[in-house]
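# Per-entry structural report
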Amino acid sequence: MPLAMSLNQASATEQVVIASTGGAYDRALKAAWFDPFTKETGIEVVTVVATNAEMRAKASAMVKAGNVTWDLYLDGEIQAVSEAHRRATQDLSGFCQQFASRKDLSPNACAPGGALLQSTATLLAYRTGKAGEPAPETWADMWDTKKFPGGRAFPNFDDPWRVMAAALLADGVAKDKLFPLDVDRALAKLDQIRPAITLWWKTGDQSVQGFRNDEYSLGQIWLTRAKAMQSEGLPIAWSSKASFLVGDRISLIKGAPHRDNALRLIAFWLNSPKVQAQACEVLSCTPPSAEAISLMSDQARKTMPGADDIRNSIVVPDAEWINANAPMLLERWNNWIR
């Protein structure tokens, strides 16, 4: 049914198309962000599900062909500062000026490569057992198949740095000596655990389905997905001692067919601490607004990455090195994974 709208609202036939990775992540964003936006503006939010690699490739191909059908896509913080990203997306520097005086927003909440959706972690998650049983805490524990039996899960898409980094940490490399990555050493360490890997996931939803289906006991997955599963009542926990700080940005594709609507959707997110809080309450992510953080429950704040976690255990990846070496990393990875 068309929504009743005031004169300053958009036509009910208007839309904005955003690509994301689907599943529990999209459901949380729909409930907290997309649906309230549509209710307020009358603009329909159409979601397209794709892997991260597919989104980047599709956005680039559409821009090159001059036939853009998407408006926005969610890209990783690391990729959002790459040259490839700049070629496919609109520079938001001018748009971001309106948020410069916002004291509640983090300094990087709006950047040329996109607006910050959330910060979270890629980490070691595991199926919980009986009370009193030892729980895995480090990447070395992930490699210890005798002490912690069961299948393993790792991501397999176009930025393999996090798998290699976990292997190096499991092999004894210190957190502050991780970058530049020793790729030979990482792949040699991965050779040791390869027989135990029962799921190579390409999307966050695939990692969720694999856990539901008992395809693995320990996995490197996104905190947002682990928290969503825990909220469902699944027997899952995770360790911040084995984690990498990551995040998503909302990126505007060059030549977006619904550019104005897309910018309104981004602004609605940044201007709505309540919306951010509702999404991150479900996903255990850190929203860009400090006011949003204050609206979240104590329990949710305890599970999202905090300053102490980042200082003591969570690895902050070297985005400049990863982007500069992305082709080499992917070539080495593809040769190994085959």
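Up top is the structure.
Residues numbered from 1 in each chain as written. Predicted model: local features only at pLDDT ≥ 70, side-chain atom pairs only at ≥ 80, totals over all residues. Heavy atoms only, no water.

## Digging into the pattern of salt bridges
Throughout the structure, instances matching the rule amount to 15 salt bridges. Salt-bridge contacts for Lys-189 lead to Asp-171; the nearest nitrogen and oxygen are separated by 3.7 Å. Pair noted here: Lys-189 is in helix H7 (residues 183-193) and Asp-171 is in the loop between helix H6 (161-170) and H7, with a separation of 18 residues, a long-range link. Counted as one network, the salt bridges with shared partners bring together Arg-56, Asp-75 and Asp-158. (Salt bridge = Lys/Arg side-chain N within 4 Å of Asp/Glu carboxyl O. Helix = DSSP H or I, 4+ residues; strand = E, 2+ residues; numbered from the N terminus.)

## Observations concerning empty space enclosed by the protein
Summed over all chains, the structure comprises one cavity of 30 Å³ or more. Contributing to the lining of the largest cavity are 22 residues, with Asn-52, Gly-76, Trp-222, Gly-247 and Asp-248 lying nearest its centre. Elements with a minimum of two residues in the lining of the largest cavity: helix H2 (52-65), strand S3 (72-76), strand S5 (114-127), helix H9 (223-231) and strand S9 (236-252). Residues of the lining of the largest cavity, tallied by class, amount to seven nonpolar, nine polar and six charged. (1 Å grid on protein atoms, 1.4 Å probe; cavity = no way out; pocket = protein on both sides within 12 Å on 5 of 7 lines; lining within 4 Å. Points joined across faces, edges and corners; volume = space filled by probe spheres on them. Nonpolar A, V, L, I, M, F, W, Y, C, P; charged D, E, K, R; others polar.)

## Re the state of the cysteines
Going through the model one piece at a time under the given rule, you end up with two disulfides. Paired through a disulfide, Cys-96 and Cys-110 show a sulfur-sulfur distance of 2.1 Å. Measuring handedness by torsion sign, the sulfur bridge of Cys-96 and Cys-110 sits at about -70 degrees and is left-handed. On the criterion of sequence distance, the pair formed by Cys-96 in helix H4 (residues 93-96) and Cys-110 in strand S4 (residues 110-111) is long-range, its members being 14 residues apart. (Disulfide = S-S within 2.5 Å.)

## A few points about the environment of Ala-125
Tracing the sequence through the fold places Ala-125 in strand S5. Along the sequence, Ala-125 and Ala-167 sit 42 residues apart, while their C-alpha atoms lie 15 Å from each other. Ignoring any residue separated from it by four or fewer positions in sequence, one finds Ala-125 in contact with Ser-217, Leu-218, Gly-219, Ile-221, Ala-226, Ile-236, Ala-237 and Trp-238. (Contact = heavy atoms within 4.5 Å.)

## Some words on the packing of aromatic side chains
Throughout the structure, instances matching the rule amount to 16 aromatic pairs. Judged by centre distance (5.8 Å) and plane angle (15 degrees), the ring pair of Trp-139 and Phe-244 falls under stacked. With Trp-139 in helix H5 (residues 139-143) and Phe-244 in strand S9, the pair connects residues that are 105 residues apart, well separated along the chain. For the pair Trp-139 and Phe-244, one class covers both residues: buried. With a centroid separation of 6.1 Å and 40 degrees between ring planes, the pair formed by Phe-157 and Trp-222 is classed as tilted. You can see Phe-157 sitting in the loop between strand S6 (152-155) and H6 and its partner Trp-222 sitting in strand S8 (residues 218-222), a full 65 residues away along the chain. (Phe/Tyr/Trp six-rings, centres within 6.5 Å; stacked < 30°, edge-to-face > 60°. Buried < 20%, exposed > 50% of the residue type's maximum accessible area, 1.4 Å probe, protein only.)

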